Amino acid sequence: MGDYYEKKDLDDFENIGEYAPELGSKYFDYYGEAMKGGELTEREKALIALAVATTQKCPYCIDAYTNQCLSLGISPGEMTEAVHVGAAMVAGIVLAHSTQMRKIIKKKEM
Amino acid sequence: MPKVSPSFEEMVSTPLRASGVEILQINVGYRCNLECRHCHVQAGPQRSEAMTREVMEECLRVLRTTPLPTIDITGGSPELHPLFPWFVEECARLDRRLLVRSNGVLLLDEHCAPLLDLYMRSRVEIVLSLPHVDPQITDRQRGTGVFHRVIEAIRMLNARGYGIEGTGLPLTLVHNPAGAYLPGAQKALQSSYRAALRERYGISFTRLFSITNMPIGRYLEYLRRTDNYGDYMRTLIKAFNPESLKGLMCRSMVSVGWNGRLYDCDFNQMLGLPIDHSLPDHISGFDKERLVGREIVIGDHCFGCTAGSGSSCQGQVA
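In short, a report on the structure. Keep in mind it's a predicted model, so treat the numbers as computed, not measured.

A few words on the interface of chain A and chain B. The partner chain B presents 14 residues to the eleven residues of chain A that form the contact. Secondary-structure elements contributing two or more residues to the side of chain A that touches chain B are helix 2 (42-55) and helix 3 (59-71) of chain A. The element that contributes the greatest number of residues to the side of chain A that touches chain B is helix 3 of chain A, accounting for three residues.

Turning next to the sheet that holds strand 7 (residues 253-256) of chain B. Residues and elements named next belong to chain B. The strand order 6-5-4-3-2-1-7-8 describes an open sheet built from eight strands, whose pairing is mixed. Whereas interior strands pair on both sides, the edge strands pair on one side only; in this sheet they are strand 6 (207-210) and strand 8 (262-263). Here strand 3 (residues 97-102) pairs with strand 4 (residues 125-129) via four bridges, running parallel. Bridged to Leu99 within strand 4 is Glu125.

So, on to the packing of helix 2 of chain A against helix 4 (residues 76-108) of chain A. Residues and elements named next belong to chain A. Closest axis-to-axis distance for the helix 2/helix 4 pair is 8 Å, and the angle between their directions is 50 degrees. Comparing their axes, helix 4 and helix 2 come out oblique. Here the hand of the crossing between helix 2 and helix 4 comes out right-handed. Here helix 2 contributes Leu47, Leu50, Ala51, Val52, Thr54 and Thr55 to the contact with helix 4, which in turn contributes Glu78, Met79, Ala82, Val83, Val85, Gly86 and Val90.

Moving on, we get to the packing of helix 2 of chain A against helix 3 of chain A. All names here are of chain A. Remark: helix 2 packs on helix 3, axes separated minimally by 9 Å, with the N-to-C direction vectors making an angle of 155 degrees. Our classification of the angle between helix 2 and helix 3 gives roughly antiparallel. Note that helix 2 runs across helix 3; the crossing there is left-handed. Residue-level inspection shows Ala46, Leu47, Ala49, Leu50, Ala53 and Thr54 of helix 2 in contact with helix 3, the latter providing Cys61, Ile62, Tyr65, Thr66, Gln68 and Cys69. In terms of residue class, the contact of helix 2 with helix 3 is made up of nine nonpolar, three polar and no charged.

Residue and element names in this part refer to chain B. Buried residues of helix 3 (residues 84-93): Phe84, Phe87, Val88 and Cys91, and no others. Along helix 3, the residues classed as buried sweep out an arc of 95 degrees about the axis, all on the same side. Facing away from the buried side of helix 3 by over 90 degrees, the exposed positions are Trp86 and Arg93. Asp95 lies just past helix 3 and shows a positive phi near 60 degrees.

Reading guide: rules and limits
Residues numbered from 1 in each chain as written. Chains lettered and ligands numbered in written order. Predicted model: local features only at pLDDT ≥ 70, side-chain atom pairs only at ≥ 80, totals over all residues. Contact = placed C-beta atoms within 7 Å. Helix = DSSP H or I, 4+ residues; strand = E, 2+ residues; numbered from the N terminus. Pairing = 2+ DSSP bridges. Axes fitted to C-alpha atoms, helices over the stretch in contact; angles between N-to-C directions. Parallel < 35°, antiparallel > 145°, perpendicular 65-115°, else oblique. Left-handed = near helix turned anticlockwise from the far one by under 90°. Nonpolar A, V, L, I, M, F, W, Y, C, P; charged D, E, K, R; others polar. Buried ≥ 20, exposed ≤ 12 C-beta atoms within 10 Å, placed from the backbone. Arc of directions from axis to C-beta.

Geometric descriptors of this kind do not, in isolation, establish any biological role.
The structure is reproduced here in structure tokens:
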């Protein structure tokens, strides 16, 4: 049971379409289109991907996009700022959900 | 170098052959005032290897008698060779495309001013290493204070017209990764360099070459010391791009070592792998007809030139 999140599994990502090749192929086409430079640069998209990877706690994506950011000449400072954007968003989302808590408190308390 | 699987030879399956000789790359010696951590030449102030006048004369003889369109002079730092001003002037007389690869820092020395005048007169293309637009990242790789001196050198070159559109004086910068990863797309890196250097320092350049670090020399030592070698080689192998094979620099150039020995590329020169397969391997026996179509000497380091968009001394190849 010690085999979750093995580094070599990242190389297996290209095989995720194994049992549904048509869907896999459509996914990779979509992924490729979404990630290539458009109105946003490849650089900006890599930083967004890195922020998402860390907030979603995906070790494969963190590995892939840290390397991608380095390759694109993105500095550690810029990467860290992107991660802080993700962290601030997650913190904000958690706090925003406390609205529900506050509403219930206000309803229930005398 | 530890073996990898599959080997480069297995990956390409058929022998790699030269398709012509368009570039004569001449390494005039390994002495340099810097000791960059990525340097495949392992150049530095203690290196004493330097091309003799006799070998330089042989190079000039070959160039005078053979129609090779491009002369590419490299080192070490070529400017440190005492015969370099004479040699570059002789090369300039041949009216070919002439490139000189410099670490940039030395060009700020007063004694280089006449050399820069010659570069301008002869339309010599200057190629400078600038691994990153972040000062800390560049200095980590090339030495403390190098980034700002290179910026100063670019500013001085811009003032002379180098890197300014319309002057016909090309200034090429070279990017290479400051660690154990592959370089990004050359076009995107060129855009981000251009924007950063213009906005932060008000300087410009003509184009950017993006070069993959070869797993040899000082860079190989770094990979092994930091336990990155296996990962790096796996990354190179996974990124192997058959499309890069047709544009590989070894297929259109010959590299001349400081002692006149001929190699398929500067990397083979550092590995001590001269042109093989019974061909003359010294500049004194240079024969273009025999070198065209020669079988290239390959090794696992060649994965460095075939990963992703490919890599060469002229940047990406695919």
